[in-house]
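This is what each chain is made of:
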Amino acid sequence: MTLHPEDQPWQPKSFAFTEANLAQAHKIIKRYPEGRQQSAVMPILDIVQRQEGWVSLAAMNLVGEMLDMAPMRVYEVATFYTMFHLKPVGKVHVQVCTNVPCQLRGSDDVVHACKKELGIGIGETTADGKFSLAEVECLGACVNAPVIWIGDDFYEDLDAGSTVKMIEAFKRGETPKAGSQTGRQTSAPAGGPTTLKDAGPTTLKGDA
Amino acid sequence: MPVKLTIDGQEVEVEAGSTILQTADYMGIEIPRFCYHERLAIAGNCRMCLVEVEKSPKPVASCAMPVAEGMVVKTDTPMVKKAREGVLEFLLINHPLDCPICDQGGECDLQDETVAYGRGKSRFEENKRAVEDKDFGPNVKGTMTRCIHCTRCIRFITDVAGVPELGATGRGEHMEVGTYVEKALSSELSGNIVDLCPVGALTSRPYAFTARSWELKKTESVDVLDALGSAIRVDTRSNQVMRILPAINDDINEEWLGDKSRNSYDGLLRQRLDRPYVRNKKGKLEAASWGDALKAVAAKLTKAGGSKIAAIAGDLADAEAMVALKDLFTALGSANIDCRQDGAKIGGPRGSYIFNSGIAGIEEADALLLIGTNPRVEAPVLNARIRKRYLKGGFKVGAVGPAANLTYKHENFGDEAKILEAIASGKHDFAKVLKDAKRPMLIIGQGAVARADGDVILGLARKIAEATGMVTDGWNGFNMLHQAAARVGGLDLGFVPGKGGHDVAGILDGAEKGEIEVVYLLGADEIDMNRLGKAFVIYQGHHGDAGAHRADVVLPGAAYTEKGGTYVNTEGRVQVTRLAVFPPGEAKEDWKILRALAEVAGHAPGYDTIEQVRARLAQVNPVFGRLDELSPAAWEAFGAEGKVSGDAFAATIANYYMTDPISRASTTMAECTAAFVNTAAERTGTHG
Ligand code: SF4
Ligand code: FES
Ligand code: FES
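What you see is a predicted model; the values in this text were computed from it and never measured.

J.: Summarise the interface of chain A and chain B; cite the residues concerned and give the values.
T.: Taken together, the 18 residues of chain A in the interface contact 17 residues of chain B. With both chains or domains summed, chain A and chain B bury close to 1,400 Å², and 57% of this area falls on carbon and sulfur atoms. Together, His 4, Met 72 and Phe 80 of chain A form the three largest contributors to the area buried by chain A at its contact with chain B, with a combined 33%. Elements with a minimum of two residues in the side of chain A that touches chain B: helix H3 (57-66) and helix H4 (71-80) of chain A.

J.: So what's going on with the packing of helix H2 (residues 41-52) of chain A against H3 of chain A? Residues and values would help.
T.: Residues and elements named next belong to chain A. In the contact formed by H2 and H3, the axes pass within 11 Å of each other and the chain directions differ by 140 degrees. The orientation of H2 relative to H3 falls into the category oblique. Handedness of the H2/H3 crossing: right-handed. For the pair formed by H2 and H3, the contact residues are Val 41, Ile 44, Leu 45 and Val 48 on the first element and Ala 59, Met 60, Val 63 and Met 66 on the second.

J.: Outline the layout of surface pockets, listing residues and values.
T.: In this model, the second largest pocket occupies a volume close to 1,000 Å³. What lines the second largest pocket is a set of 35 residues, and nearest its centre among them are Asp 68, Met 69 and Ala 70 of chain A together with Gly 162 and Pro 164 of chain B. Counting residues per element, the ones that place at least two in the lining of the second largest pocket are H3 and H4 of chain A together with helix H4 (152-160) and helix H10 (380-391) of chain B. Top element by residues in the lining of the second largest pocket is H4 of chain A. It accounts for 4 residues.

J.: Pulling in residues and values, what's your account of the sheet that holds strand S27 (residues 553-556) of chain B?
T.: Residue and element names in this part refer to chain B. With mixed pairing, the 7 strands of this open sheet are ordered in space as S15-S14-S27-S26-S25-S16-S17. Of all the strands in the sheet, just strand S15 (285-287) and strand S17 (337-338) have a single pairing partner and so form its edges. Here 3 bridges tie strand S14 (residues 277-279) to S15, and the two strands are oriented antiparallel to one another. Within the sheet, the bridge partner assigned to Arg 279 lies in S15 and is Leu 285.

Cut-off values and rules
Residues numbered from 1 in each chain as written. Chains lettered and ligands numbered in written order. Predicted model: local features only at pLDDT ≥ 70, side-chain atom pairs only at ≥ 80, totals over all residues. Heavy atoms only, no water. Contact = heavy atoms within 4.5 Å. Buried area = accessible area lost by both parts, 1.4 Å probe. Helix = DSSP H or I, 4+ residues; strand = E, 2+ residues; numbered from the N terminus. Axes fitted to C-alpha atoms, helices over the stretch in contact; angles between N-to-C directions. Parallel < 35°, antiparallel > 145°, perpendicular 65-115°, else oblique. Left-handed = near helix turned anticlockwise from the far one by under 90°. 1 Å grid on protein atoms, 1.4 Å probe; cavity = no way out; pocket = protein on both sides within 12 Å on 5 of 7 lines; lining within 4 Å. Points joined across faces, edges and corners; volume = space filled by probe spheres on them. Pairing = 2+ DSSP bridges.

Have a look at this one:
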């Protein structure tokens, strides 16, 4: 049996925005015409999550109040998007893509490396609350598979080794460089350019 | 603008904006559906209604597709057949095959449509998903593993009931319909989602496992637990009411029913008076024969006679019984009769005490003033009609009365009666809103007239109606909302004090002082029994409630499901209930008891059959001759001049779930009271 949200021991009694976040929320609400404030629900839930790391029941109720929206409507939105965390996650929330392209490119090794390095399983949080691990569906970056998503960044072209390195950096409190971990430029061919190798600007036919 | 199209080779012309499914319904071509419901918003999510449309490469959801000129639709092609089979196969992937233990069995859309359109076999071998059951409170049972996510219940609770507590959380395979935070559905209309649910996900909690739909005898009747006279269907097995469902009446309840009217039926079995009782010398009620009981009553009545006897008719009394009682009292020379237990100062011209615009008329109004009423608890189905009108837009609602959560936006101007003076004289802002409206309307509740200055307030309401143009040719927006099913009928047949007679307050005073010696209560339980003094009290009715406890003689009558009784609803519409089961034990239809009593008392009336009683009713007031119709009432002067008191309007119903002897005897209603009323009081801190 799963616990109902109101019975979950980790739910705080109340939620309040920081002053800056409240101002930001009101700025967002103003973007929408009178009577359409509910459209602001997603960006405001995002502010909540950036502030607390996750979205609590108390926060959803407050957002409903702010937007003149039945709480149920907020729950529907928040539960629909897996990107909203409805229970606390680690400060560094490691989300490994295990969808088919990533899997073909070795995401199993990446997951394994994460588990070993962090000492936790999928859906768990380390005892110090610093790391949590999750499995996610396609992140839309298959061209650089396998991919891990942390905070606002994607770590791409991973294998077991680079995954461990990346996590170690986080453990030291650093934020490793995002993007391809093999050093290639965005999604350019792995071994360097295969075409348009001539240096200098290329003029395309028709360009004036 | 009409549009021409073809469905299954038949040409048809319909209004633009209709959908393919509506057109097919109109032509009598069956298209199966789950999520579409004619009284709810269109969702288009179940895909059961797929049809083939020429030039469209894929099947089209007919419930969400508007018709277009020259469209060629086919509902009987292999493509449609395959589409239906596919949809059903997918729905059944996660639907349990538990029909034998499911209350919906026998009246389940999924069952029926699977038989008619399914493949007959599933290719799915994996495990089905399971969803935790939800606790929706005393009225609705949620077996959510059976849910097919049609969202009918969500749309009803959100749009019609206006209490948005239901929703769909999660997505894909994890989608669940529920309240997320566990709670009972607090809408007074919650039971309707049981009817709407096309599968057995939402079933009736009180009815759970008590009967199978095919065992039931179905009797169409009229509800009397509020004053709307909603159409109902009483389902019975042997001599017991197993459940009560709404029937369709577009003029009154569309197809909705309040939870009290729906789920009080277990009260029909409890606390019943099933034989006559007479209080013996030791002061104990003792079972008696009909003959002895009637003789005892007749002796008391004839001995005292005249101004020393009085009769009060209760809120569930039928018109036949009231006219028989009135005739008897007239014969005995008494004018002390009254049907207004709450002391409402009403009873003038008919137009002053009925809902003149009709309930359906609410949809034509464009401004509304509520006076001393909370329609959400006095008549939840009517409240839903107001909300329906509100959702269409261009509808301002103002209220003078206790603040209430009405499920639509409205402005409460306060609860003091003198605000009405300001509106009547045009000084109040809302007077202009009403004046500018094309079809302004007011609804005045019993809370406004059941007080000492009730007639002055009634007069003010009339002034407001006249000053703001509520009464014009073809429109009468002066509406009174009643709470008692018997009230309008009682007023129509003049069950009010005659010349020199006393009203309820006078009767109670007289009884206290010993001036009135015999009081006849026809199902009257809402008066203060302590004030009856030493009077000899006769209680005729169906439940052992307050009246029977005080009585010296108890005459067991029939409840509304056990007789063909005439009731006039708040609109002034005359309707007749039907006998669905027989009264218990020795209990008898009420008019027959009074007919027999009159004979024992030596005043046999001129009627022996129900037809003759009804003829007598029509003779007293011709409206009784016009069944199921609205009879427009003439607009005449009514109400009194004078000063209103400073008293605030008070709420008249503290607990929607228990307002009469039947609902007070119901355990389901007791559970509702515990779940909704008492907890609400605790929340606001007014409790204890
Ligand atoms: S519970 Fe019933 S009405 Fe509600 S979505 Fe599920 S199947 Fe539809
Ligand atoms: S499958 Fe991993 S990013 Fe697309
Ligand atoms: S009835 Fe058309 S999609 Fe459900």
